[in-house]
Every structure is written in C-alpha cells, then in structure tokens.
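Chain by chain, the residues run as shown.
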Amino acid sequence: MRLRVEFTTEPFDLDEAPAHAVVARDIVTGAELDAVDVGPFGNTAEGDADQVLGAVSALLRESLGAGATRVSLQVNVIAEADGAKGSEGSAT
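Residues numbered from 1 in each chain as written. Predicted model: local features only at pLDDT ≥ 70, side-chain atom pairs only at ≥ 80, totals over all residues. Heavy atoms only, no water.

Peer 1: Just checking my understanding: could you explain the pattern of salt bridges for this structure?
Peer 2: When the charged atoms of two side chains with opposite charge come close together, those side chains can pair. On inspection of all chains with the given rule, the structure shows five salt bridges. R2 is paired through a salt bridge with D34; the nearest N and O atoms lie 2.9 Å apart. Residue R2 is located in strand β1 (residues 2–10), and its partner D34 is located in strand β2 (residues 34–38); the two are separated by 32 residues in the primary sequence. The salt bridge partner of R2 is E46, with a shortest N-O separation of 3.6 Å. Taken as a pair, R2 in strand β1 and E46 in strand β3 (residues 43–48) lie far apart in primary sequence, 44 residues in all. By the burial criterion, R2 is buried, and E46 matches it. Here the residues in one salt-bridge network are R2, R4, D34 and E46, joined through shared partners. (Salt bridge = Lys/Arg side-chain N within 4 Å of Asp/Glu carboxyl O. Helix = DSSP H or I, 4+ residues; strand = E, 2+ residues; numbered from the N terminus. Buried < 20%, exposed > 50% of the residue type's maximum accessible area, 1.4 Å probe, protein only.)

As structure tokens, this is what we get:
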C-alpha cells in the first residue's frame, strides 16, 4: 500500500524556520519517501506505508520535542505503483 502524508507544524514564524519545522523537514527528506514537497505552509510526501508511518511517528515525536505546539496531518491511501487504485480516504 502507498500513502500520502500532508502536514504542517505550528507555531509559524515568517522570519525564519522554527526548530520544529526544520526537524520535520529533515525527517521527511531523510526517510526515503517519494515525491517530497516541503514548503512554508504545508508539506507532502508519498511512499510505502511502512516508510510513511515510520516517518509520521518520528515527525510527531521529534517536532513536538523541538517546540511544536500543534501538528496537523492527513494520511491518505493513494494508487499503487502498478496502477491499481487505492481507496481514497484518511488512514488516521
């Protein structure tokens, strides 16, 4: 199964990336996920379910530990690599 995670961490800081945002970025970029897109107001990544769920667990623990006061996320099942369609819906 393949999953897509979309997430944001708060509080926001428009002047520089807060520590919790840097930690979250480092986790998803280092997790061997596909299609990672990191931006100032939202982030997405796709990959194998085990990779995504492992990254989400680390992201929650480490970004909260680095000062995040809120982490918003959505996890969806997406189409398999062979073209079979997964059911769209929240996995969390």
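So, next bit.
Peer 1: Looking at this model, I keep getting lost on the environment of A21. Mind explaining?
Peer 2: Relative to the helices and strands, A21 is located in helix α1 (residues 19–29). Owing to a relative accessible area of 26%, A21 belongs among the partly exposed residues under this scheme. Once the C-alpha coordinates of A21 and L59 are considered, the two residues, 38 residues apart in sequence, prove to be 9.7 Å apart.

Peer 1: Explain the pairing of β1 here, please?
Peer 2: A regular strand places its side chains so that they alternate between the two faces of the sheet. Relative to β3, β1 is paired through six bridges, and the arrangement is antiparallel. The residue bridging L3 from the neighbouring strand is G47, located in β3. Pairing of β1 with strand β4 (residues 70–78), which is carried by nine bridges, proceeds in the antiparallel orientation. The partner of E10 across the bridge, within β4, is R70. (Pairing = 2+ DSSP bridges.)

Peer 1: How do you make sense of the nonpolar core when you look at a structure like this?
Peer 2: In a soluble, globular protein the nonpolar side chains are often hidden away together inside. Membership of the largest hydrophobic core comes to 16 residues, with the highest contact counts inside it found for L3, V5, F7, L33, V52 and L59. Among the elements of the structure, β1, α1, α2 (49–65) and β4 are those that each provide at least two residues to this core. No other element matches α2, which puts five residues into this core. Those residues in contact with L59 that lie beyond four places of it in its chain are F7, A24, I27, V28, L64 and V71. (Core = buried A, V, L, I, M, F, W, Y, C linked by side-chain atoms within 4.5 Å. Contact = heavy atoms within 4.5 Å.)

Peer 1: Sorry if this is basic, but what is going on with α2 here?
Peer 2: Think of an α-helix as 3.6 residues a turn; residues three or four steps apart then line up on the same face. Taking 1.5 Å of rise per residue, the 17 residues of α2 would be expected to cover 24 Å, and the 24 Å separating its terminal C-alpha atoms lies within 8% of that figure. Within the span of α2, buried status applies to A49, V52, A55, V56, L59 and S63. Projection of α2 onto a plane perpendicular to its axis shows the buried side chains occupying an angular sector of 130°, all on one side. Counted as exposed and oriented over 90 degrees from the buried face of α2: D50, R61 and G65. The secondary structure elements touched by the buried residues of α2 are β1, α1, β3 and β4. (Expected span 1.5 Å × (residues − 1). Arc of directions from axis to C-beta.)

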